[in-house]
Amino acid sequence: MQLNRGHYIALGATAIITAWMLSGLATKEAPVASGAVVSAVKNDVFAVQVERFHAENITPELAIHGETAPNRRVALTSELAGKVIKLLAREGDFVKKGQVIIEIDPQDKPQKLLQAKALLRQRVLEHQANQSLIDKGLQNKTRLAQSESQLAAAQAQVKLLEVQMAATHIRAPFSGILEDRKVELGSYLKSGNAIISVLDYNPFIIKADAAEKDLLQIKAKTKATGRTLDGTLHHGQIRYVSSQANAGSRTFTVELEIKNPSERQADGVTADILVPLTRTHAIFVSPALLSLNEKGVLGAKYVALDNQVVFNPVTLVKAESNGVWISGLPNPVDLIVVGQSFVSPGEKVQPVFKDPSLHLREIQESQEGELPVKSPVSPLVSQNAEGNKL
């Protein structure tokens, strides 16, 4: 069979491909030493900035949310019917115990009282005369008993009218602030009508509802602190802890009593009761240093002595406006403050101390105890999420 030009081209291409494949089998790759791979990995560690934290002895506090309230409150009501003829104090005024607030028209009660007192004097004289006659044997005991009854009736009438006259002057039962006045000058009152409320703010209280789980940590007659909405702290004593739960919320009422010489306070202002708990050791950190692991556990990452990243669960002990107190970490501990999002627990890292003076101390400790030396302080260069070196 005669080969044409196309056959020659196909045979030539096949020969070239076969020669290329055979050359690949004959070529041997140079062996890579295992030590070189390990060295590369060791030299490609991620750099993180760490800061050393020391635990302090603090007193954690249980915060119970509530509101301010007066020590006592009473709504004054009218004991008799009549027209309001004088308003001697208004809402917001501070009144002392016994001070007259409102006067009600006594109508004819003063005259009736004078008449009753005159009759009482008559009954007294009659009774004395009958007694004298009995002593002389000139009067029987029946007449004496009758005079005693009339005397008692006259005394009762005088007392009744004196009580009614006193009821025309509405007085403060204790020192406090007047609120919620229901009457005006000229208003007609019936017996039992509400007039005005008196609120006693010395001492004042903070009333809050504690959860079931916190009840055992709150004891009556123990010291505690109240914190009002403006951040002011007031020291006082827990005067009442309810033994019966609220049926709807399953919470227990707690009252903190606070001395208040100024006699002034606002009712219903948001406030907290801060109950001191058992003293403990804790570290003060920024909340930004805390994170959640894959199981949703709150913790912090730190660098151990072997330069390995460790995730340690923590417990929130106390919260403040500029940070939080946590427990559960070693003391002292080198927390990762920059780069914690790019490293995982168990990973080797190059720790860079935020405080340069700690590097010299690390070298001394490593020489004495043959501990691994943490990396010297060096400025952190930008580091991206793929793990490129700083």
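See the structure above.
Throughout what follows, the structure given in this document is the object of discussion. (Residues numbered from 1 in each chain as written. Predicted model: local features only at pLDDT ≥ 70, side-chain atom pairs only at ≥ 80, totals over all residues. Heavy atoms only, no water.)

## Points about the packing of aromatic side chains
Right, so step 1: According to the stated counting rule, one finds two aromatic pairs in the structure shown.
Right, so step 2: Arranged with centres 6.0 Å apart and planes meeting at 45 degrees, the rings of Phe-46 and Phe-342 form a pair that is tilted. Placement of the pair is Phe-46 in strand S1 (residues 46-53) and Phe-342 in the loop between strand S21 (333-338) and strand S22 (349-353), with a sequence separation of 296 residues.
Right, so step 3: For the pair Phe-284 and Trp-325, a centre-to-centre distance of 5.0 Å together with 50 degrees between the ring planes defines the contact as tilted. One end of the pair, Phe-284, is in strand S15 (residues 280-285); the other, Trp-325, is in strand S20 (residues 323-327), with 41 residues separating them in the sequence.
Right, so step 4: Given a relative accessible area of 26%, Phe-284 falls into the partly exposed group.
Right, so step 5: Take Trp-325: its relative accessible area is 10%, and that puts it in the buried class.
Right, so step 6: Positioned over the ring face of Phe-174 is Arg-72, at 4.1 Å from the centre of the ring. (Phe/Tyr/Trp six-rings, centres within 6.5 Å; stacked < 30°, edge-to-face > 60°. Helix = DSSP H or I, 4+ residues; strand = E, 2+ residues; numbered from the N terminus. Buried < 20%, exposed > 50% of the residue type's maximum accessible area, 1.4 Å probe, protein only. Lys NZ or Arg CZ within 6 Å of the ring centre and 35° of its normal.)

## A few points about the sheet that holds strand S19 (residues 315-320)
Right, so step 1: Taken together, four strands build an open sheet; the order of strands is S2-S15-S20-S19 and the sheet is antiparallel. Edge positions in the open sheet fall to strand S2 (56-58) and S19, since each of these has one partner strand only. For this sheet the average axis-to-axis angle between neighbouring strands, irrespective of direction, equals 45 degrees.
Right, so step 2: As judged from the three bridges shared by S2 and S15, these two strands associate in the antiparallel manner. In the strand pairing of S15, Glu-56 is matched with Ala-282. (Pairing = 2+ DSSP bridges. Axes fitted to C-alpha atoms, helices over the stretch in contact; angles between N-to-C directions.)

## Considering the pairing of S1
Right, so step 1: Across the eight residues of S1, seven count as buried, placing the element largely inside the fold.
Right, so step 2: Note: S1 against S22, five bridges, orientation parallel. What sits directly across from Val-50, in S22, is Phe-353.
Right, so step 3: With five bridges connecting them, S1 and S21 associate as antiparallel partners. Residue pairing in the sheet places Arg-52 in a bridge with Asp-334 of S21.

## Some words on the side chain of Asn-312
Right, so step 1: Tracing the backbone shows Asn-312 in strand S18 (residues 309-313).
Right, so step 2: Take Asn-312: its relative accessible area is 16%, and that puts it in the buried class.
Right, so step 3: In terms of polar contacts, Asn-312 uses its side chain to reach the backbone carbonyl oxygen of Gly-328, at 2.8 Å.
Right, so step 4: In contact with Asn-312, not counting residues within four places along its chain, are Gly-299, Ala-300, Tyr-302, Gly-328, Leu-329 and Pro-330. (Polar contact = N/O pair within 3.5 Å; in protein donor to acceptor, adjacent residues only side chain to side chain. Contact = heavy atoms within 4.5 Å.)

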